[in-house]
Amino acid sequence: MPNFSMTIGGEQVAGEATFAVINPATGQPFAEAPDCSTSQLDSAVAAAEKAYVSWRTDESARREAMLRAADRLEAEAENLGRILTQEQGKPLSQAALEFTVSAYWLRYYATLETPAEVLQDDDKAYVEVLRQPLGPVAAITPWNVPVALGFWKVAPALRAGNTVVLKPSPFTPLATLKVGEVLADVLPPGVLNVVSGLDPLGAKLTAHPAIRKISFTGSTATGRKVAIAAAEGLKRVTLELGGNDPAIVLDDADPQTVAAGIFASAMVNTGQICVAVKRTYVPRNLYGDVVAALVDQANAAKVGNGLEAGVEYGPLNNKPQLDRVAGLVSDAVGAGATVAAGGPTLAGPGYFYAPTILTDVTDDMAIVAEEQFGPALPVLPYDDVPEVIARANASHFGLGSSIWTGDPQRGLELARQIEAGTTWINSHIVLPPSVPFGGVKSSGIGVENGIWGLHEFTDVHVVHQIRAIGSSWP
Ligand code: NAD
C-alpha cells in the first residue's frame, strides 16, 4: 500500500499519529491513515480561511479549476478505485464509479448557469438577490459511499466560492486522502483540505470557530450532535441522515419485474445505501409470487471480495455493522420471522452476509421499524392501499420511497401521499445532479444537488437601490 497523507494548504502532511484501516473482505488491517492532531486541524482550517480570500472573488477561475479537477479524478478512477474497494468492500467497478460520479458532479456545478435574481427594476427601485459564499466549510462523510458523497458537498461548496475541509469516516479514509493528494496541484492551496482521524476529529471540526457551514452525511444519532455543534456557532448546516425507505408494490404490477428492481435497489452496495429499499409492502394476492422472485434473485447473487471479477456484492464495511445486521435478523427470527433466502453470516474471514429475504415479519420488529443498513430485506403483505400508505408513513424517517405499478397515473397520485424527500415510481435510487435530494423528519435538514444544493452553501444578500429619493414601498 502507498503512504497516505493529509492535504493541508496544498501540502502533503503526515499524521503525528496513525490508525489502522481494515479491509472488510479479509478482516485484516492493510494500511495506516493519519490521525489529525488538534494543531494540524487548526492548520487545515487556517489554510481554508486564507484561501477563501481570493477563491471567492473569481467565479470563472473557480469553474476552470473545477473542470481540471474533474478531468484528474476521471483519469485516476481505476487506480483510486482499487484503494476504495480495499477499504470499503464494494466491487471494483462500483468503486471506480465513485470517482467518475465525483467528476460528473464537479462538471455539473462548474457549468451550472445561475441567472441573476432581480426582483425589481423600475423607476422606483432596483432589487437584486445575491448568493454570497459562507467561508470555510466542513464536509463530513460516512463510510458507505465516501468519495461520491464527498463531492456532492465539495462541488457545490467550491462553485459557490467557499473553501473546504473534508473529513472522511475513519473506516474509509484512504481514497479520500488520495483525492486530496491528486487534486493538490489542480486546485489552489487551501481550497480543498483533506484530514483524517478517529471519531473525536469530527466533533473538533464542527466546533471549530472558523468553520461557517457544516455539510454532514451520516447517521441520525451523529446528525443530532452536529446540529447542536452548529447551533452553538450559528453555523449553517445541512444534514443528510438515515432512512428506512418503503417500496410499495401495487396489485397491477408484474411480480418478476418489480422483484428485480426492488432487489437491486435493496442490495446495491450490500444494502449500505441511505436510500436503499429497506422494507417492501406487497398486496396479499401478489405476495407469494413477489417473494419467490426475490428469493430467486437472492440465491443467484454473487457475493465476494470486491477485487474479484464477477462479484456483485462485497462484504459489509465493518464488524459493528455486520453484527448489527446479523442481530436484527436473528431478533426477527426469534420473534417469528422466516428466512426465505440467505440468513446466516457467511464463513469468514471478512464481514460477509448473504443477501437475505425475510417473510412473516411485522411492522413492530426492529428490522422493519429501524434502519438495518445491510442486505436483509423484510417483505410485508398488505390488504388495501390507504392502509399501506399509512404504514409506509408511520416512520420517524422520511428519506426515499417508491411505488411500483403498471399504472403511471395511479403511481403519481399515490406518490404524492408519501412523507419523504423523494418518491420514485417504478425505480429507486435515481439521483441526477440536477435534482434536489434530502430527507424529511429524522432523515435530515436541507437538501443536496441542483440549484437548491448550491444555495445551501450561500447566504442571501439583498442589494436594494431606491431610485427616487423619498419613494416608499412598494
Ligand atoms: P456516522 O454518523 O457514524 O458517521 C458519519 C461521519 O461523522 C463520519 O465521518 C464520522 O467520523 C463522523 N462523526 C462521528 N462523530 C461525530 C461528531 N460528534 N461530530 C461530527 N462528526 C462526527 O455514520 P456512518 O455509520 O459512517 O454512516 C452510516 C449512516 O449514514 C447511515 O445511517 C446512513 O443512512 C447514513 N447515510 C445517509 C445518507 C444521506 O444522504 N441521507 C447517505 C449515506 C449514508
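How each quantity is defined
- Residues numbered from 1 in each chain as written.
- Predicted model: local features only at pLDDT ≥ 70, side-chain atom pairs only at ≥ 80, totals over all residues.
- Heavy atoms only, no water.
- Near = heavy atom within 4 Å.
- Polar contact = N/O pair within 3.5 Å; in protein donor to acceptor, adjacent residues only side chain to side chain.
- Areas by Shrake-Rupley, 256 points an atom, 1.4 Å probe, with all protein chains shown as cover.
- Helix = DSSP H or I, 4+ residues; strand = E, 2+ residues; numbered from the N terminus.
- Nonpolar A, V, L, I, M, F, W, Y, C, P; charged D, E, K, R; others polar.
- Domains from an automatic or database assignment.
- Contact = heavy atoms within 4.5 Å.
- Buried area = accessible area lost by both parts, 1.4 Å probe.
- Salt bridge = Lys/Arg side-chain N within 4 Å of Asp/Glu carboxyl O.
- Pairing = 2+ DSSP bridges.
- Axes fitted to C-alpha atoms, helices over the stretch in contact; angles between N-to-C directions.
- Buried < 20%, exposed > 50% of the residue type's maximum accessible area, 1.4 Å probe, protein only.

### Some details on the site of the ligand
Close contacts around the ligand come from 29 residues, with Thr 141, Asp 199, Ser 219, Leu 241 and Glu 371 the closest. In the model, an oxygen atom of the ligand is placed 2.5 Å from a nitrogen or oxygen of the Asp 199 side chain. Separating a nitrogen atom of the ligand from a backbone N or O atom of Ala 203 is a distance of 3.5 Å. When the ligand sits alone it has 850 Å² of accessible area, and the protein chains cover 90% of it. Residue assignment for the shell around the ligand shows that the elements contributing at least two residues are helix 7 (200-207), strand 10 (213-217) and helix 8 (220-232). Classifying every residue of the shell around the ligand gives 14 nonpolar, 10 polar and five charged.

### Brief notes about the domain arrangement of the chain
Quite often, the size of an interface is put as the accessible area lost when its parts meet. Entries for the chain in the domain assignment read domain 1 (6-241 + 439-462) and domain 2 (245-425). The interface of domain 1 with domain 2 comprises 27 residues on the first partner and 30 residues on the second. With both chains or domains summed, domain 1 and domain 2 bury close to 2,200 Å², and 55% of this area falls on carbon and sulfur atoms. Of all residues in domain 1, Ala 25, Trp 143 and Lys 441 bury the most surface against domain 2, accounting for 24% of the area lost on that side. Inspection of the region where domain 1 meets domain 2 yields one salt bridge. With a closest N to O distance of 2.8 Å, Glu 419 and Lys 441 form a salt bridge.

### Considering the sheet that holds strand 6 (residues 125-133)
On the basis of which strands lie adjacent, the open sheet formed by three strands has the order 5-6-22 and antiparallel pairing. Two strands lie at the open edges of the sheet, namely strand 5 (117-121) and strand 22 (458-466), each paired on one side alone. With direction set aside, neighbouring strand axes in the sheet form an average angle of 20°. For strand 6 and strand 22, the ladder comprises nine bridges, and the chain directions are antiparallel. What sits directly across from Val 127, in strand 22, is His 464.

### Structural notes on the side chain of Ser 169
By the secondary structure assignment, Ser 169 is in the loop between strand 8 (163-167) and helix 6 (174-182). Residue Ser 169 is classed as buried on the basis of its relative accessible area, which comes to 5%. For Ser 169, the side chain forms a polar contact with the main-chain nitrogen of Phe 171, separated by 3.1 Å.

### Examining the pattern of salt bridges
Scanning the model with the defined rule gives 20 salt bridges in all. A cluster of three or more residues bridged by salt bridges with shared partners is formed by Asp 71, Glu 74 and Arg 107.

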